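# Commentary on secondary and tertiary structure
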Amino acid sequence: MDEIIKSLYLRLDANTSTLTRSAIGQILVKIIYSLDGLVSKEDIFKAYAQINGIGKTNEQQLEEILEELVDKDIKKRSGKYYLSSSKKAKIAKSVDIAENRKEEILDKYFSNVFSDRTLIEEWLQDVTIKFFESFSDEWISDLLTGHKDVYKSESSIRDMVDRRTLNNKKIDDRDKKVLPKLFFEFVNDNTGAVNDYLWDYGTSAFAAKLIRNQNGVDSLTIDSFKNSTCILDTNVLLFISLNSRFKDGIIALENVFSSLNVKVGYLYITQKEYQDKVYNQKSMTMRNLEKFGYDIASIPNDDFTTNAKELQCKTSEDFERFFDEKHKMPKVVHESLPIKLLDNDSQLVNVVEEAQHNQNKIDELNGIFHNCTGHDKRPNALIHDIGLLEGVEYLRKNGKYFVVSEEVCVNLYSKKRPLSDNLPLSIRIDTLINVLAANNDGDTFNAADYVPLFANIVRSGLIPNKNTFKQEELYFLYDIDEQVAQLPKEEVEEIVMDMHEMILKGTGDKELERELKSKITKGKIKVVSDLDSTKQALSLSEKNLKRQEEQNQNLSDALRRNIWNSETQKYDEETVQIKKKYQISYPFVVFLISVIAFIFAFFNTDTVGSFLSFVISLLVNVIYNWYCRVKVLKDKINDRLAKRESVISRAVTERMNKEIGIKE
């Protein structure tokens, strides 16, 4: 879809028309130079068509451009074109400069290889064309902005060159690993020779894009018409039968339809209207012929009389044979594509007849005609058109069908109807010719497929003059890419589908250009708006998140303080208990033991023994109390005081993790 919208932008933008004509003009000048001498316009057209890979080109456009170039870049004599001696010398000099530059590049960057020089020259041309096919946007970006996008794409570029080189069977296998590296070093060397070499390729690619987009068809349109069925209205059948003013377009359409496998047919009601028109025209012409003679009867400038005169009809017998022949339905569009009658569907007949008796439909279609012309449509013609439209609407439910008609009310009615399978209900001949680029004599090609023409321009030595394009004009391509890249995929698809419908419904190029640019601008505004909304939402989200984090932090701090106080109290209570053990409990136990020992000695020994027992018990208590208080308790208390912060902190952390569910 991106390529389609870019192609549309290039084709519709008013500025590109002048650039495209300049690109075509440069190629025409180089064709005249290559053919040398006096060159007929037919030979120029043929060479130009060959370069474009088509059977026939838009000769009217080329002739206009040739005439614009006369007395500027080319000369004309006896209906043929040639170059002045000074112009030929100037082109020859530029060719020599380009050749010397190429030799300089081969010597500097690609000489230390095993492959033959001519093979390396061919390889370099091939991979440079491929480089611009894949990385022209990066090259233009570097040229205009200095962003070094080519350098940043090193991996992709080397992969591309590597694949291209590996597939080249002529290159020595020993060179296939080193050449991608050499090419990348080459395209990144910002020297005059390299820049001029790449400029020639870049402007050739630009010219090819301009030309293909002017004359090509987007892939959506090609796919839409492919394998469809075209239903011809009465007026188109008469154009085919009478070799009318649409003859060239009809010939081209036959070629396009054949290439896209488009079948052609008509409804039974159209057959009747066609034959009635031939009969009525015959009656009028024969009556005038009989009453006024050939001189008066041949004055009208209608398609019947014009075609009869072209066939040298003079007598009543001639005109009789003429109308009898025209009464037969055309069997082919021009020479080979058959036109078939669709008369094998009973349900189709029922749908058509029911519609032709529906007064609401009759009034609706007649209202459209009246609003456009100021008068009512003839009843028989009106009823036919209703049957045609409703019949094809029925067919479109199960297949790809569309009408080709010049009837104003048929096409106005179609504009009110939605597309089906990306096809309009009805389309005019000239719109169809423009949509399918049938002015290329029926050669329909994808507008985005510019590389074959680009390659032919390079290989045929038809590179535009160095001053044909300016850097700021190449910026146009870069800007389109940047604009489309900013749009979401869904937005691009919507724009393409809207533009596709407008094109098929015959909208003019100026309105299409205005609408396309408007839609792209709206898409960009929407992206910016969405981005602003996203930023705003993110900002609000960040504020809420920050607020939530602050609340969580406050809760965490409060919880930590509570746990800290709890653990501190617990730790200090344990310290108090230790003090009590060494200051009261343990000394008390020792004191009880001493008392028991003294009582035992008092009743079982003499007075001296009792006294000694008392003294010993007293000393034991004093020494033990001193040891507990001064030595053991002091060391333990000091140790706990030293470890107090760390022990409490560790305990608080463990409890905090447990509270908030963090596993260690």
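Preceding block: the structure.
Below or above, wherever it landed, is the structure these notes cover. (Residues numbered from 1 in each chain as written. Predicted model: local features only at pLDDT ≥ 70, side-chain atom pairs only at ≥ 80, totals over all residues. Heavy atoms only, no water.)

## Some words on the overall build of the protein chain
If you tally the helices and strands in the protein chain, you get 27 helices and seven strands. The C-alpha atoms of the protein chain give 47 Å as radius of gyration, which overshoots the globular expectation for 664 residues (26 Å, by more than 25%). The buried share of the protein chain, taken over its 664 residues, is 43%. Summarising the internal contacts of the protein chain: among those between residues at least 6 apart in sequence, 76% fall at separations of at least 24. On the protein chain, roughly 36200 Å² of surface is accessible, and the fraction owed to carbon and sulfur atoms is 50%. (Helix = DSSP H or I, 4+ residues; strand = E, 2+ residues; numbered from the N terminus. Rg over C-alpha atoms; globule rule 2.2 N^0.38 Å. Buried < 20%, exposed > 50% of the residue type's maximum accessible area, 1.4 Å probe, protein only. Contact = heavy atoms within 4.5 Å. Areas by Shrake-Rupley, 256 points an atom, 1.4 Å probe, with all protein chains shown as cover.)

## Looking at the packing of helix α3 (residues 41–52) against helix α4 (residues 59–69)
At a minimum axis separation of 11 Å, α3 and α4 run at an interaxial angle of 120 degrees. Viewed along their axes, α3 and α4 form a crossing whose handedness is right-handed. Residues Lys41, Ile44, Phe45 and Tyr48 of α3 pack against Glu59, Leu62, Glu63 and Leu66 of α4. Split by residue class, the contact of α3 with α4 holds five nonpolar, no polar and three charged. (Axes fitted to C-alpha atoms, helices over the stretch in contact; angles between N-to-C directions. Left-handed = near helix turned anticlockwise from the far one by under 90°. Nonpolar A, V, L, I, M, F, W, Y, C, P; charged D, E, K, R; others polar.)

## As for the sheet that holds strand β3 (residues 229–232)
Strands sit in the order β5-β4-β3-β6-β7 across an open sheet of five strands; the sheet is parallel. Looking along the sheet, the strands with just one partner apiece sit at the ends: β5 (339–342) and β7 (426–427). Two strands pair when backbone bridges link them, and β3 and strand β6 (residues 401–404) are joined in this way by four bridges, in the parallel orientation. Of the residues in β6, the one forming a bridge with Thr229 is Tyr401. (Pairing = 2+ DSSP bridges.)

## Side note on empty space enclosed by the protein
Throughout the structure, instances matching the rule amount to four cavities of 30 Å³ or more. Of the voids in this model, the largest cavity is the one considered here, and its volume is about 80 Å³. Residue assignment for the lining of the largest cavity shows that the elements contributing at least two residues are β3, α12 (234–241) and α13 (247–259). No other element matches the three residues that α13 contributes to the lining of the largest cavity. Grouping the amino acids of the lining of the largest cavity by side-chain chemistry returns 11 nonpolar, no polar and no charged. (1 Å grid on protein atoms, 1.4 Å probe; cavity = no way out; pocket = protein on both sides within 12 Å on 5 of 7 lines; lining within 4 Å. Points joined across faces, edges and corners; volume = space filled by probe spheres on them.)

## Some details on the side chain of Glu407
Relative to the elements of secondary structure, Glu407 occurs in the loop between β6 and α21 (408–416). Of the polar contacts made by the side chain of Glu407, one reaches the side chain of Lys377; its length is 2.6 Å. Aside from chain neighbours lying at most four places away, what touches Glu407 is Asp233, Asn235, Lys377 and Asp385. (Polar contact = N/O pair within 3.5 Å; in protein donor to acceptor, adjacent residues only side chain to side chain.)

## Here's the deal with the packing of aromatic side chains
Geometrically, a pair of aromatic rings is defined through the distance of the ring centres and the angle of the planes. In this structure the tally under the stated criterion is 24 aromatic pairs. Measuring from centroid to centroid gives 4.9 Å for Tyr197 and Tyr201, while their planes differ by 40 degrees, and the two rings are tilted. Placement of the pair is Tyr197 and Tyr201 together in helix α10 (residues 192–215), with a separation of four residues, close to one helical turn. Each member of the pair, Tyr197 as well as Tyr201, carries the same accessibility label: buried. The ring of Tyr82 carries the charged tip of Arg77 above its face, separated from the ring centre by 4.9 Å. (Phe/Tyr/Trp six-rings, centres within 6.5 Å; stacked < 30°, edge-to-face > 60°. Lys NZ or Arg CZ within 6 Å of the ring centre and 35° of its normal.)

## Topic: unusual backbone geometry
Outside of glycine, negative phi angles account for most residues, and trans bonds account for most peptide bonds. One non-glycine residue, Asp36, adopts positive backbone phi at about 65 degrees. Looking at the secondary structure, you find Asp36 in the loop between α2 (14–35) and α3. Positive phi, normally seen in glycine, also occurs at Asn422, with a value near 65 degrees. Tracing the sequence through the fold places Asn422 in the loop between α21 and β7. The class of Asn422 is partly exposed, set by a relative accessible area of 24%.

## So, the pattern of salt bridges
This model, assessed by the stated rule, comprises 36 salt bridges. In this structure, the salt-bridge partner of Glu320 is Lys282, at a minimum N-O distance of 2.6 Å. Remark: Lys282 occurs in helix α14 (residues 268–292) and Glu320 occurs in helix α17 (residues 316–326); sequence separation between them is 38 residues. Among the ionic pairs, Lys377 bridges to Asp385, the shortest N-O distance being 3.3 Å. (Salt bridge = Lys/Arg side-chain N within 4 Å of Asp/Glu carboxyl O.)

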